[in-house]
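Chain residues, written in single-letter form:
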Amino acid sequence: MKKAIKIGCIALSIILIAALVILIFFPGLFTYFKVKHDYESIDATSEKFEYADVPDDFKYYTKNGVSYAKPDGMEDGDDRLVVLPIKLSVSRNKEILEQAGVYTDGTSIYDEEFSEKEYGEYFKKLEQTAPRDSTERLFYIKTKLKAKDCLHLRGKNMEIFRNFADIKEESSKIETTYILDIPEYDAYASQVNGMGYDGNLWTVYIYQHDDDDTYYSVMIKNSSETIVRQVISSIEITEE
């Protein structure tokens, strides 16, 4: 009887030691299993955008550094088609958001969940390049975040991961994101299927590899997904 108890204690000790070792080297193990169970989209990846042939009767336009084609005769603002290219600046956006905080006594609706320093520490821990702003961070979440990312995280870094997991799950319910093939750029196209839209609104974001400040956004709205895909397939960044 005593021998059986002794053997049982030894076995229990081995199990406890093994569990302790696992928790030391993989502090996020419990979170890993939780997000795998709770979030259907946690390991989802974005597909490459399927490019369409641009019809010969499409007319090309250039606006704010973006070249695109659309059916000849369809003007911007037409009820059937809207194409809105915008050239943006990360630094300028931050200035605007900081001013918004000042004008509202620091209670801006644009406040981030975590500081830029905290985000920086998170990506440093994962040995990944930190996104330039909240928009590029969202695309990182939708296209690159995986459950295994949390295995070595703890504390504030784990809080950020759980926040990212929540965002990925919620965004998967309202839009589908694709990866665009534009040389020397990181580019994404998202089809919005929620918030009052039924897939007729698309957004395109384009980030240049060697420019940490400038990026481009294109909003496209049309009832025909075929036309929208043709417009997206024509998009290029040009020198103005």
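Bear in mind the structure is a predicted one, so any value in this text is a computation, not a measurement.

Student: Give a detailed account of the packing of aromatic side chains, specifying residues and quantitative values.
Tutor: Taken as a whole and assessed by the stated rule, the structure comprises 17 aromatic pairs. Between the aromatic rings of Tyr119 and Phe164, the centroid separation amounts to 6.0 Å while the plane-to-plane angle is 5 degrees, which identifies the pairing as stacked. Taken together, the residues Tyr119 in helix H4 (residues 116–125) and Phe164 in helix H6 (residues 155–174) connect sequence positions 45 residues apart. Taking relative accessible area as the criterion, Tyr119 reaches 4% and is therefore assigned buried. Taking the centre distance of 5.1 Å and the plane angle of 90 degrees together, the rings of Tyr122 and Phe123 count as edge-to-face. The residues Tyr122 and Phe123 share a single accessibility class, namely buried. The ring of Tyr61 has Lys70 lying over it, and the distance from NZ or CZ to the ring centre is 4.7 Å.

Student: Help me get a handle on the environment of Glu47, residues and values and all.
Tutor: Locating Glu47 in the fold gives a position in strand E1 (residues 47–48). Judged by relative accessible area, which is 58%, Glu47 ranks as exposed. Between the alpha carbons of Glu47 and Leu180 there is a distance of 9.2 Å; along the sequence they are 133 residues apart. Sequence-distant contacts of Glu47, that is, excluding residues within four places in its chain, are made with Thr177, Tyr178 and Ile179.

Student: Any details on the sheet that holds strand E3 (residues 66–71)? Residues and values, ideally.
Tutor: Across the sheet, three strands lie side by side as E2-E3-E9; this open sheet has antiparallel pairing. Of all the strands in the sheet, the pair left with one neighbour each is strand E2 (58–63) and strand E9 (236–237). Bridging between E2 and E3 involves six bridges; their strand directions are antiparallel. What sits directly across from Phe58, in E3, is Pro71. With respect to the sheet, helix H7 (residues 225–234) is in contact with E2, E3 and E9, its orientation differing from that of E3 by roughly 150 degrees.

Criteria and thresholds
Residues numbered from 1 in each chain as written. Predicted model: local features only at pLDDT ≥ 70, side-chain atom pairs only at ≥ 80, totals over all residues. Heavy atoms only, no water. Phe/Tyr/Trp six-rings, centres within 6.5 Å; stacked < 30°, edge-to-face > 60°. Helix = DSSP H or I, 4+ residues; strand = E, 2+ residues; numbered from the N terminus. Buried < 20%, exposed > 50% of the residue type's maximum accessible area, 1.4 Å probe, protein only. Lys NZ or Arg CZ within 6 Å of the ring centre and 35° of its normal. Contact = heavy atoms within 4.5 Å. Pairing = 2+ DSSP bridges. Axes fitted to C-alpha atoms, helices over the stretch in contact; angles between N-to-C directions.

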